[in-house]
Amino acid sequence: MSTAPVFEQLAVGDVVAERDLLLTRDRLVRYAGASGDFNPIHYRDDFAQSVGLPGVLAHGMLTMGAAGSVATDWLGAAGWVQDYQSRFTRPVAVDPEAGATVTVTATVGAVDAEARTARIDLRVVFEGATVLGKAQLVAAFA
Amino acid sequence: MVNPEIQGRVYPPTAPYLVGREKVREFARAVLSESPLHLDPNAARAAGYADIIAPPTFAVVVQEATLAQLLADPDAGVDFTRVVHGEQRFSYSRPIVAGDELTATLTISAVRQLGGHSMVTSSSAIVDAVGEHVVTAVSTLVVRGEE
């Protein structure tokens, strides 16, 4: 467990958290149940292939949610999330045995001293390419 | 093709969604969160909340009911099997807390045609039991054109 972030110490460019996340087929099924998104492209290869995909893909919202967790686990009780946005730019194909490992890096993108907010930019990489575009989370500090 | 006439359309508010503590925990685990604020009521109370708070993307669970309205609208012409999620944004006035009763109202903010595809931007305003704003969830759906 890292120490709680202190707003005054944040500087643009600081890497505040980095984590490898293993997305497996069973984690996709868990996310389907938790979110209510039961699109079969997220758990059935035959269905995914019938609509022209290579195979089962991770939910974009799972990737976005898990990347957000890297930031919010760092943030803890020091603040709360005012805004979180992302574009879904590349699919994450999840191998039935090996899963898919995505690397999340959270960097301070902007600091607003008056509003006491920090923008955390999330870079999410799978197989050498970013899969989320403009993934930005704005944390408001007490 | 998506009917451009649905731009500006406002759908009726959804039935109230009661945010359950176990549902928040299930969602937090599903997005691989380890923050005690999403799991432990005592930790959440120590941080000033009445109960555990939801991860920022949890609002998608409530937004889902509004997107179902859009997909079920025969006038909209959105073919579910051709929909790809393009963009998503959540803008909060405060975190969602277990025990909240949330109601969402969907507005279609934009319908654009781009290279044979349709892009539909929908905005779901989510309020609590006393009508105070909690979060607005904005989705851009890309509806792929027929080949």
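Going by the structure above, here's the rest.
Just so it is clear, the structure is predicted and the values come from calculations on it, not from any experiment.

A separate point is the interface of chain B and chain A. At the interface, 25 residues of chain B touch 27 residues of chain A. Taken together, the elements giving at least two residues each to the side of chain B that touches chain A come down to α1 (21-30), α3 (59-72) and β2 (83-92) of chain B. Looking at the side of chain B that touches chain A element by element, the count peaks at eight residues for β2(B). In terms of residue class, the side of chain B that touches chain A is made up of 13 nonpolar, seven polar and five charged. Pairing between strand β2 (residues 79-88) of chain A and β2(B): five bridges, direction antiparallel.

All names here are of chain B. Note: β2 against strand β5 (residues 133-143), nine bridges, orientation antiparallel. What sits directly across from E87, in β5, is T140. In this structure, strand β4 (residues 117-127) lies alongside β5, joined through 10 bridges in antiparallel fashion. In the sheet register, S123 faces β5, and the bridge partner there is V138. Here β4 folds back onto β5, and the loop between the two strands holds five residues, one of which, G131, carries a positive phi near 85°.

Cut-offs applied
Residues numbered from 1 in each chain as written. Chains lettered and ligands numbered in written order. Predicted model: local features only at pLDDT ≥ 70, side-chain atom pairs only at ≥ 80, totals over all residues. Contact = placed C-beta atoms within 7 Å. Helix = DSSP H or I, 4+ residues; strand = E, 2+ residues; numbered from the N terminus. Nonpolar A, V, L, I, M, F, W, Y, C, P; charged D, E, K, R; others polar. Pairing = 2+ DSSP bridges.

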